[in-house]
Amino acid sequence: MTTSPDASAEPLPGPPVITVRGLNLYYRDFHALKEVSCDFAGRAITALIGPSGCGKSTLLRVFNRMNDLIEGVRLSGRVLIDGQDIYAKGVNLTQLRKKVGMVFQRPNPFPLSIFDNVVYGPRLHGRPGRGELEEIAARCLTAVGLWEEVKDRLHASALRLTEEQQQRLCVARLLAVEPEILLMDEPCSALDPVATLRLEELMRELKSRYTIIIVTHNMQQAARVSDQTGFMLLGELVEFGDTARIFTRPQDQRTEDYITGKYG
């Protein structure tokens, strides 16, 4: 007897958007990333897990070249986004960082109004008219589930929002410049459990339109929200693959030891 596929099942992740091959990164003499190779699927959530200092955030910052801002960093290997080497000569870093946005551990709204936070990027890149800015603000705040909460106080300070609202506002600020990839570095570390679940739900909603890579110490969170998981240890990408397999049938003993709490 044959069975029809579950109509409610989520689609499989798309083809690779980011390709990493033989990546090594040094902070002066410290070898922070060691021969990292992997593919990040499009329109999917990939979680990077591992103990503190293992290279997760360093790898995340490779994709928008934020490590370039650190003195003494050098890198070898290839990092391709949509087939283009982002470390090739002549790459426009402003355009790269518009395409690849980032949300940090703690919310970092600007000391401006809620409205001015959201439209900051569009103003910076092109100064559209007031009507278009209002449409952008409404669309992006709706996308992160904030519109109904703040629509009557758009010109109030963003600093008056709760931490969870500020984090969603920071995501809205990213969406306003129309990125393709969202990098999230421990985005729930400052949030309580209820706020964390709300932000996780937002991630699930956004992945139909964006490629999302999240760094997290919370393995339950990685298991809940991600399609792919990479386990890192001492700068090495030990194992990378489908999240369900990584958590139930890891192929490397070090992965199993970390997931089962033997260290980390």
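Residues numbered from 1 in each chain as written. Predicted model: local features only at pLDDT ≥ 70, side-chain atom pairs only at ≥ 80, totals over all residues. Heavy atoms only, no water.

Chemist: How would you summarise the sheet that holds strand E3 (residues 45–49) if you had to cite specific residues and measurements?
Modeler: Working definition: the strands of a sheet are paired by backbone hydrogen bonds and lie parallel or antiparallel to each other. Taken in spatial order, the six strands of this open sheet run E6-E7-E8-E3-E9-E10, and their pairing is mixed. For this open sheet the edge positions go to strand E6 (100–103) and strand E10 (236–242), each flanked by a neighbour on one side alone. Averaged over all neighbouring strand pairs, the angle between strand axes comes to 15°, with direction disregarded. Relative to strand E8 (residues 211–215), strand E7 (residues 181–185) runs parallel, the two being bridged by five bridges. Across the sheet, residue Ile181 finds its bridge partner in E8, namely Thr211. (Pairing = 2+ DSSP bridges. Helix = DSSP H or I, 4+ residues; strand = E, 2+ residues; numbered from the N terminus. Axes fitted to C-alpha atoms, helices over the stretch in contact; angles between N-to-C directions.)

Chemist: Before we move on, could you go through the state of the cysteines and cite the residues and values that matter?
Modeler: By definition, a disulfide links the sulfur atoms of two cysteine residues through a covalent bond. Applying the stated criterion across every chain yields a total of zero disulfides. Looking at the unpaired Cys54, the closest cysteine sulfur is the one in Cys38, lying at 13 Å. What makes Cys54 buried here is its relative accessible area of 2%. Left without a disulfide partner, Cys188 is nearest to the cysteine sulfur of Cys170, which lies 13 Å away. (Disulfide = S-S within 2.5 Å. Buried < 20%, exposed > 50% of the residue type's maximum accessible area, 1.4 Å probe, protein only.)

Chemist: Pulling in residues and values, what's your account of the pairing of E8?
Modeler: Burial runs high along E8: five of the five residues are buried. Here four bridges tie E3 to E8, and the two strands are oriented parallel to one another. Each bridged residue has a counterpart across the sheet, and for Ala47 the counterpart in E8 is Ile214. For the crossover that starts at E7, traverses helix H8 (residues 193–206) and ends in the parallel E8, the hand is right-handed. (Right-handed = clockwise from strand over helix to strand, strands pointing away.)

Chemist: So, the sheet that holds strand E1 (residues 16–27): which residues are in play, and what are the values?
Modeler: If you trace the four strands from one edge of the open sheet to the other, you get E2-E1-E4-E5, paired in antiparallel fashion. Taken across any chain shown, the strands that pair with only one partner, and hence form the sheet edges, are strand E2 (30–41) and strand E5 (84–85). In this sheet, E2 lies alongside E1 in antiparallel orientation, the contact comprising eight bridges. Paired with Leu25 across the strands is Leu33, a residue of E2.

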